[in-house]
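# Remarks on the overall topology
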Amino acid sequence: QVQLVESGGGLVQAGDSLRLSCAASGRTFGSYAMGWFRQAPGKEREFVTRITRSGDNTYYADSVKDRFTISRDNAKNTVYLQMNSLKPEDTALYYCAADSRYYGIRYYPSQYEYWGQGTQVTVSS
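All of the points below concern the structure found in this document. Computed from a prediction, not measured in an experiment: that's the story for all the values here.

## With respect to the pairing of strand 11 (residues 119-124)
Only one face of strand 11 is covered, namely the one carrying T119, V121 and V123; the face carrying Q120, T122 and S124 has none of its residues buried. The sheet contact formed by strand 2 (residues 10-13) and strand 11 spans four bridges and is parallel. Its bridge partner being in strand 11, L11 is matched across the sheet by T122. Summarising the sheet, strand 9 (residues 92-99) and strand 11 pair through three bridges and their orientation is antiparallel. Each residue of the ladder has a partner; that of L93, found in strand 11, is Q120.

Below is the structure:
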């Protein structure tokens with residue numbers, strides 16, 4: 001089992017950058033693929049990005065490709081989301097999630113076993 005705690009959200013202007021962090025408990029962080037999802041008010045939770053257990057492969061939603069970068073530090077039990085060139089449509093509650101069962105790309109929230117509480121990102125125009 002793993003517990004996840006996100007941090008780093010905030011209120012920024014369009015074009016600004018933010019870096020989110022997700023700290024994981026436990027000694028088996030390297031056995032989990034990690035993902036970031038987001039949910040805007042009135043909308044479904046949507047896939048943002050995923051990184052494999054080793055960090056060798058990453059996957060992105062088209063809407064964030066070339067602006068967001070996911071990375072992980074297994075020694076620190078932490079996954080990061082660097083968000084550049086933020087847009088108002090990026091405004092959402094951002095969640096990190098852990099997956100121990102699957103390999104490759106996984107887009108659906110149901111494919112992730114553990115979730116953090118979320119951190120709010122608000123981008124003003």
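## Examining the pattern of salt bridges
Taken as a whole, this structure holds six salt bridges when the rule is applied. Between R67 and D90 there is a salt bridge whose closest N-O contact spans 2.8 Å. Of this pair, R67 sits in the loop between strand 6 (58-60) and strand 7 (68-73) while D90 sits in the loop between strand 8 (78-83) and strand 9, placing them 23 residues apart in sequence. The class of D90 is buried, set by a relative accessible area of 1%.

## Thoughts on the environment of A97
With respect to the element layout, A97 can be found in strand 9. A sequence separation of 18 residues divides A97 from W115, and the C-alpha atoms of the two residues are 4.5 Å apart. Not counting residues up to four positions away in its chain, the partners in contact with A97 are L4, A33, M34, G35, F37, Y112, Y114 and W115.

## A closer look at the state of the cysteines
Following the criterion strictly, the structure yields one disulfide and no others. Residue pairing for C22: its cysteine sulfur links by disulfide to C96, the two sulfurs lying 1.9 Å apart. With the S-S dihedral at roughly 45°, the linkage between C22 and C96 falls on the right-handed side. Pair noted here: C22 is in strand 3 (residues 18-24) and C96 is in strand 9, with a separation of 74 residues, a long-range link.

## Some remarks on the packing of aromatic side chains
Applying the stated criterion to the full structure yields seven aromatic pairs. Relative to Y107, the ring of F47 lies with its centre 5.1 Å away and its plane at 85°, an arrangement referred to as edge-to-face. Residue F47 is found in strand 5 (residues 46-51), and its partner Y107 is found in the loop between strand 9 and strand 10 (114-115); the two are separated by 60 residues along the sequence. Judged by its relative accessible area of 8%, F47 falls in the buried class. Y107 gets classed as partly exposed once you look at its relative accessible area, which sits at 45%. An aromatic cluster of three or more residues is present, and its members are F37, F47, Y95, Y107, Y112 and W115. The lysine or arginine in question, R45, covers the ring of Y95, its NZ or CZ lying 3.8 Å from the ring centre. The residue whose ring lies beneath R45 is W115, and the NZ or CZ to ring-centre distance is 4.8 Å.

Rules behind the numbers
- Residues numbered from 1 in each chain as written.
- Predicted model: local features only at pLDDT ≥ 70, side-chain atom pairs only at ≥ 80, totals over all residues.
- Heavy atoms only, no water.
- Buried < 20%, exposed > 50% of the residue type's maximum accessible area, 1.4 Å probe, protein only.
- Helix = DSSP H or I, 4+ residues; strand = E, 2+ residues; numbered from the N terminus.
- Pairing = 2+ DSSP bridges.
- Salt bridge = Lys/Arg side-chain N within 4 Å of Asp/Glu carboxyl O.
- Contact = heavy atoms within 4.5 Å.
- Disulfide = S-S within 2.5 Å.
- Phe/Tyr/Trp six-rings, centres within 6.5 Å; stacked < 30°, edge-to-face > 60°.
- Lys NZ or Arg CZ within 6 Å of the ring centre and 35° of its normal.

Treat this as a map of the structure, not an account of what it does.
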